[in-house]
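What follows is the residue order along each chain.
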Amino acid sequence: MIIIKALVAGYKNKIVLNGIDWSLEAGRIHGLAGLNGSGKTTLLKVMFGILKPQSGSMEINSVKLNKRMMSFLETEPYFYHGITGNEYLSLFKREGESKFIAEEWASLFHLPLNELIDNYSTGMKKKLALLGIIKTNKPLLLLDEPYNGLDLESSRILTAVLKRLKQEGKTIIITSHLLESLTNLCDRIHYLKNGVIDKTYLPEQLSVMNDEIFRELDQHIDNKIDDLMNPM
Amino acid sequence: MQPIDFLRVRKSALIREIQALGFVYSLIVAAGIFFGLIFFYKLQDSQLHSVYSLAGVSILVAVLHFSRKDHQFIQLVSPHPFHIFFTEYLTLVLPLIILSVAQSGTPIFLLVLIPLLIISLLPVTGSRFIATGFTNKLIPDTNFEWKSGMRKTGGLLILLWLASFALTPVPFASLIALWFALLTVSSFYDDGEPWEMLEAYGMDAKQFLHHKIKVQLQTYLLPVTPVLLISGFIFPERWWVFLLFLIFSSINISVFVLSKYAVWRPAEVNRSASIVNAMCMIGLFLPFLLPLPVFVLIRNYRKAMLNLKPVLHDYH
C-alpha cells in the first residue's frame with residue numbers, strides 16, 4: 001500500500017499540491033488525471049524526490065518512499081548527446097534475477113539501438129526512456145504522459161507491456177490528460193483538482209467521470225465560444 | 001550578424017564568466033595569463049622557437065575550431081561564417097603576434113595567419129557525431145563522456161595521439177601533443193547528463209564520484225601511458241618529467257570530472273569551469289601553477305559532494 005499524507009508542495013511562492021491524502025493499492029495500475037497545471041507532474045516529481053515537499057509523508061508498505069524502489073519517466077525525456085541507444089541502456093543495472101535482452105525489447109518497439117539518440121524522433125526517445133525503466137525492474141513506476149509522441153502501434157505495445165508488468169506485481173502510476181487512454185489500462189483513475197485528489201473512479205465509470213468532471217467545464221467553454229462567435 | 005557583433009557577444013560572455021569566477025580565481029587567471037604571455041615572449045628568442053610556437057598556436061586554434069559547439073548557429077546567423085571564425089581567431093592570436101614580432105624582430109610568427117585562414121575555412125558539418133566504432137569499443141560502457149566526445153573530436157584526438165608517438169624522439173615534443181589531446185578531452189565534460197543517467201549507477205555521492213574518476217582515469221591512461229613509457233625509455237635521464245606529466249595530467253582529468261559535478265544540473269551545458277580547467281592545464285608547463293590543480297581538486301570535491309548529495313541521498 002502506498003500512503004501519502006498531508007502532502008504540500010510547490011514552486012517558490014506557488015503551492016501546487018495542497019495537502020494531498022492518497023492511498024493506493026500496490027500491484028495495480030493507477031491513472032492520475034487532471035487538467036493542465038493541476039499538479040500531476042509535480043506530484044510524481046515529489047514522489048520521486050526530485051522536488052522537495054514542504055510537508056507531508058509518503059510510504060510504501062510502511063517504508064519511506066525512496067528512489068531505490070522506483071523509476072520515473074518524464075514527459076519529455078532528455079538524453080546525453082553523442083551516444084547510441086545501446087550505450088544509454090547499458091548504463092542501467094537490472095534489479096533481480098530475470099534477464100533483460102535489450103535487442104529483443106528494441107525490436108518489439110522498432111527501436112534502432114545502434115543509432116545515435118540524437119537522430120531519434122520524439123517517439124523513439126520516449127520508447128528508449130521506457131526501455132531504461134523496464135530494464136531497471138523496480139517495483140514502483142511513475143510514468144508522466146507515457147503515450148505522448150507514441151504512434152498507434154507503440155501505444156498498443158506499451159499498454160500490453162504495462163499490463164504484463166502489473167501481473168508481475170509492479171505498481172504503476174500513470175498520468176494523462178486524455179481520460180480514454182487511462183480507462184483502457186488502469187484499475188483506478190484518480191482525478192487531481194485544486195491541488196488535492198478530488199475523486200477516484202473505476203475505469204468502467206468513464207461516462208460518470210466525463211459527466212462529473214467535464215459538465216461544468218464544457219458549459220464554460222460553450223459560453224466562451226458563444227461569446228466569440230456572436231460578439232455584441 | 002557581422003564579425004564585430006560576435007566579438008561584442010564574446011566580450012560580454014567573457015565578462016560574465018570572470019564575474020562568476022569571483023575575485024580570487026580572477027586574480028589567479030589574470031596571473032596565469034600574464035605569466036603565460038611572459039613565457040611566450042621569452043620563447044621568441046630564436047626563429048626556431050617562433051616556428052615551434054607557431055605550430056603550437058595553430059594546433060590550439062584547430063582544437064578550438066573542432067571542439068566549439070556553435071558552428072550550426074554561426075552558419076545560421078551569418079552568410080559568411082568564415083569571416084566570424086577568422087576574426088575571432090585573429091583577435092585571440094593578435095597579442096601573440098605583437099609579442100613575437102617585438103621580441104624576435106622578425107615577422108615570422110605572422111605566418112600563423114595562413115593556418116588561421118585554413119582552419120577558419122574548414123567546415124564542421126551539422127552531423128558532428130562521426131561513428132568511431134573501434135575506439136569506442138575500447139571505452140567502458142559507463143564512460144559515456146568519452147564515447148560521445150570521441151564521436152565529436154575523435155579524429156583530432158587520434159591524430160594528436162599518433163603525433164605524440166611519432167614525436168617521442170624529440171625531447172618533450174610528445175608531451176606537447178599529449179597536452180593538446182588533454183585540452184581536447186577537457187571539452188568532454190561540458191554537458192550535464194540527465195538525472196536518470198546519474199542515478200543509473202545506484203551509488204551515493206561519494207561512491208559515484210570515486211567510481212567516475214576511476215573510470216575516466218582508466219580510459220585516459222590506456223593510450224597515454226605507452227607514449228610516456230617510450231619517452232622515458234628514450235630519455236632515461238628525464239624520466240621524472242614524464243612521471244610528473246602522468247601524475248599531473250591524471251589530476252587534471254580528476255579536476256575535469258569534479259568541476260563538472262560541482263556545478264552539475266540535469267541536462268544543462270555548463271562551461272563555467274572551463275577557465276579554471278584551462279588554468280590547471282597551463283599549470284603543467286608553468287611550475288608556479290602546479291599546486292593549482294591540487295587546490296581545485298580538493299575544493300571541487302567538496303562542492304561536487306554537496307551538489308550531488310541531495311540527488312543521490314537515497315542510495316547510501
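Residues numbered from 1 in each chain as written. Chains lettered and ligands numbered in written order. Predicted model: local features only at pLDDT ≥ 70, side-chain atom pairs only at ≥ 80, totals over all residues. Heavy atoms only, no water.

A.B. asks: An account of the overall build of chain B is needed here, citing residue identities and associated values.
C.D. replies: Secondary structure summary: chain B contains 14 helices and zero strands in total. Across chain B, helices and strands are ordered from the amino to the carboxyl terminus as α-α-α-α-α-α-α-α-α-α-α-α-α-α. On C-alpha atoms alone, chain B measures out to a radius of gyration of 20 Å, which is about the 20 Å that the 2.2 N^0.38 rule sets for 316 residues. Principal-axis analysis of the C-alpha atoms gives chain B an extent of 65 × 55 × 45 Å. (Helix = DSSP H or I, 4+ residues; strand = E, 2+ residues; numbered from the N terminus. Rg over C-alpha atoms; globule rule 2.2 N^0.38 Å.)

A.B. asks: Break down the overall build of chain A for me, citing the residues and quoting the values.
C.D. replies: The secondary structure content of chain A amounts to seven helices and 10 strands. Over its C-alpha trace chain A gives a radius of gyration of 19 Å, about what one expects of a compact globule, namely 17 Å for 232 residues. Dimensions of chain A, computed from C-alpha atoms along their principal axes, come out at roughly 60 × 45 × 40 Å. Every one of the 232 residues in chain A was classed for burial, and the buried ones make up 50%. Considering only residue pairs separated by 6 or more positions, chain A has 66% of its internal contacts joining residues 24 or more positions apart. Surface accessibility of chain A: about 11900 Å² in total, with carbon and sulfur atoms responsible for 50%. Measuring between centres, the 28 positive side-chain charges of chain A sit 7 Å from its 28 negative side-chain charges. (Buried < 20%, exposed > 50% of the residue type's maximum accessible area, 1.4 Å probe, protein only. Contact = heavy atoms within 4.5 Å. Areas by Shrake-Rupley, 256 points an atom, 1.4 Å probe, with all protein chains shown as cover. Lys, Arg positive; Asp, Glu negative; His and termini not counted. Charge placed at Lys NZ, Arg CZ, Asp CG, Glu CD.)

A.B. asks: So what's going on with the interface of chain B and chain A? Which residues, and what values?
C.D. replies: Accessible area lost upon the coming together of the parts is a frequently used measure of interface size. Between chain B and chain A, the contact holds 27 residues from the first and 23 residues from the second. Between chain B and chain A lies a buried interface of about 2300 Å² when both sides are counted; carbon and sulfur atoms form 60% of it. Inspection of the region where chain B meets chain A yields two salt bridges. A salt bridge links arginine 151 of chain B to glutamate 87 of chain A; the shortest N-O distance between them is 2.8 Å. Only α8 (144-166), α10 (195-199) and α14 (291-312) of chain B provide two or more residues apiece to the side of chain B that touches chain A. A class-by-class count of the residues in the side of chain B that touches chain A yields 12 nonpolar, five polar and 10 charged. (Buried area = accessible area lost by both parts, 1.4 Å probe. Salt bridge = Lys/Arg side-chain N within 4 Å of Asp/Glu carboxyl O. Nonpolar A, V, L, I, M, F, W, Y, C, P; charged D, E, K, R; others polar.)

A.B. asks: Help me get a handle on the packing of aromatic side chains, residues and values and all.
C.D. replies: Residues and elements named next belong to chain B. The final tally for this structure, using the stated rule, is 19 aromatic pairs over all chains. When the ring of phenylalanine 85 is compared with that of tyrosine 89, the centres are 6.3 Å apart and the planes differ by 10°; the resulting orientation is stacked. Taken together, the residues span about one helical turn, with phenylalanine 85 and tyrosine 89 both in helix α5 (residues 81-104) at a distance of four residues. Exposure remark for tyrosine 89: the relative accessible area of 1% places this residue in the buried category. (Phe/Tyr/Trp six-rings, centres within 6.5 Å; stacked < 30°, edge-to-face > 60°.)

A.B. asks: Lay out a nonpolar patch on the surface with the relevant residues and their values.
C.D. replies: Residues Leu111, Ile114, Leu117, Ile118 and Leu122 of chain B make up a contiguous nonpolar surface patch of roughly 420 Å² in combined accessible area. Given the relative accessible area of 47%, isoleucine 118 of chain B is considered partly exposed. (Patch = residues over 30% accessible without salt bridge, like charges linked within 9 Å, V, L, I, M, F, W, Y side chains within 5 Å.)

A.B. asks: Please give an account of the pattern of salt bridges that cites residues and values.
C.D. replies: Residues and elements named next belong to chain A. Counted under the stated rule, the structure contains 10 salt bridges over all chains. In this structure, the salt-bridge partner of aspartate 187 is lysine 166, at a minimum N-O distance of 3.0 Å. One end of the pair, aspartate 187, is in the loop between α6 (179-183) and β9 (188-193); the other, lysine 166, is in helix α5 (residues 152-167), and 21 residues separate them in sequence. Assessed through its relative accessible area of 23%, lysine 166 is described here as partly exposed.

A.B. asks: So what about a negative patch on the surface? Which residues, and what values?
C.D. replies: Residue and element names in this part refer to chain A. On the surface, a cluster of negative charge is contributed by Asp218, Asp222, Asp226 and Asp227. Within the secondary structure layout, aspartate 226 lies in helix α7 (residues 206-229). Given a relative accessible area of 45%, aspartate 226 falls into the partly exposed group.

A.B. asks: Give me the environment of glutamine 103 of chain B: which residues, what numbers.
C.D. replies: Residues and elements named next belong to chain B. Positionally, glutamine 103 belongs in helix α5. For glutamine 103, a relative accessible area of 28% corresponds to the partly exposed category. Here glutamine 103 is in contact with Tyr41, Lys42, Gln44 and Asp45, once residues within four sequence places are set aside.

A.B. asks: Account for helix α3 (residues 47-67) of chain B, with residues named and values stated.
C.D. replies: Residue and element names in this part refer to chain B. Helix length check: α3, at 21 residues, gives a terminal C-alpha distance of 30 Å against a target of 30 Å (1.5 Å per residue), a fit within 8%. Among all positions of α3, only Ser50, Ser53, Leu54, Gly56, Val57, Ser58, Val61, Ala62, Val63, His65 and Ser67 are buried. At its buried positions, α3 is contacted by α2 (23-43), α4 (71-77), α5, α6 (113-121), α8 and α9 (173-186). (Expected span 1.5 Å × (residues − 1).)

A.B. asks: Describe the sheet that holds strand β4 (residues 55-60) of chain A, with residues and values.
C.D. replies: Residue and element names in this part refer to chain A. As summarised here, the arrangement of the four strands in space is β2-β1-β4-β5, forming an open sheet in which the pairing is antiparallel. Edge strands, defined here as strands with exactly one partner in the open sheet, are β2 (14-24) and β5 (63-64). With two bridges joining them, β4 and β5 adopt antiparallel strand pairing. What sits directly across from isoleucine 60, in β5, is valine 63. (Pairing = 2+ DSSP bridges.)

A.B. asks: I'd like a description of the nonpolar core, backed by residues and values.
C.D. replies: Side chains of a nonpolar character, in soluble globular proteins, are inclined to be buried together. If you look at the biggest cluster of nonpolar residues, it comprises 137 residues, and the most contacted ones within it are Trp22, Met47 and Leu162 of chain A together with Tyr261 of chain B. In terms of residue count, the dominant contributor to this core is helix α12 (residues 239-262) of chain B (11 residues). Excluding anything up to four places from it in sequence, leucine 162 of chain A contacts Ile29, Leu143, Tyr147, Ile172, Ile174 and Leu185 of chain A. (Core = buried A, V, L, I, M, F, W, Y, C linked by side-chain atoms within 4.5 Å.)

A.B. asks: An account of the confidence of the model for chain A is requested, with residue identities and associated values reported.
C.D. replies: Across chain A, the average pLDDT comes to 89, with 100% of residues at or above 70. Here α6 of chain A stands out as the element of chain A with the lowest mean pLDDT, 80, in contrast to strand β7 (residues 140-144) of chain A, whose mean of 95 is the highest. (pLDDT = per-residue confidence, 0-100.)

A.B. asks: If you had to explain the side chain of threonine 159 of chain A to someone new, which residues and values would you point to?
C.D. replies: Looking at the element boundaries, threonine 159 of chain A is found in helix α5. When near neighbours in sequence (up to four residues on either side) are disregarded, threonine 159 of chain A contacts Tyr147 and Leu185 of chain A.

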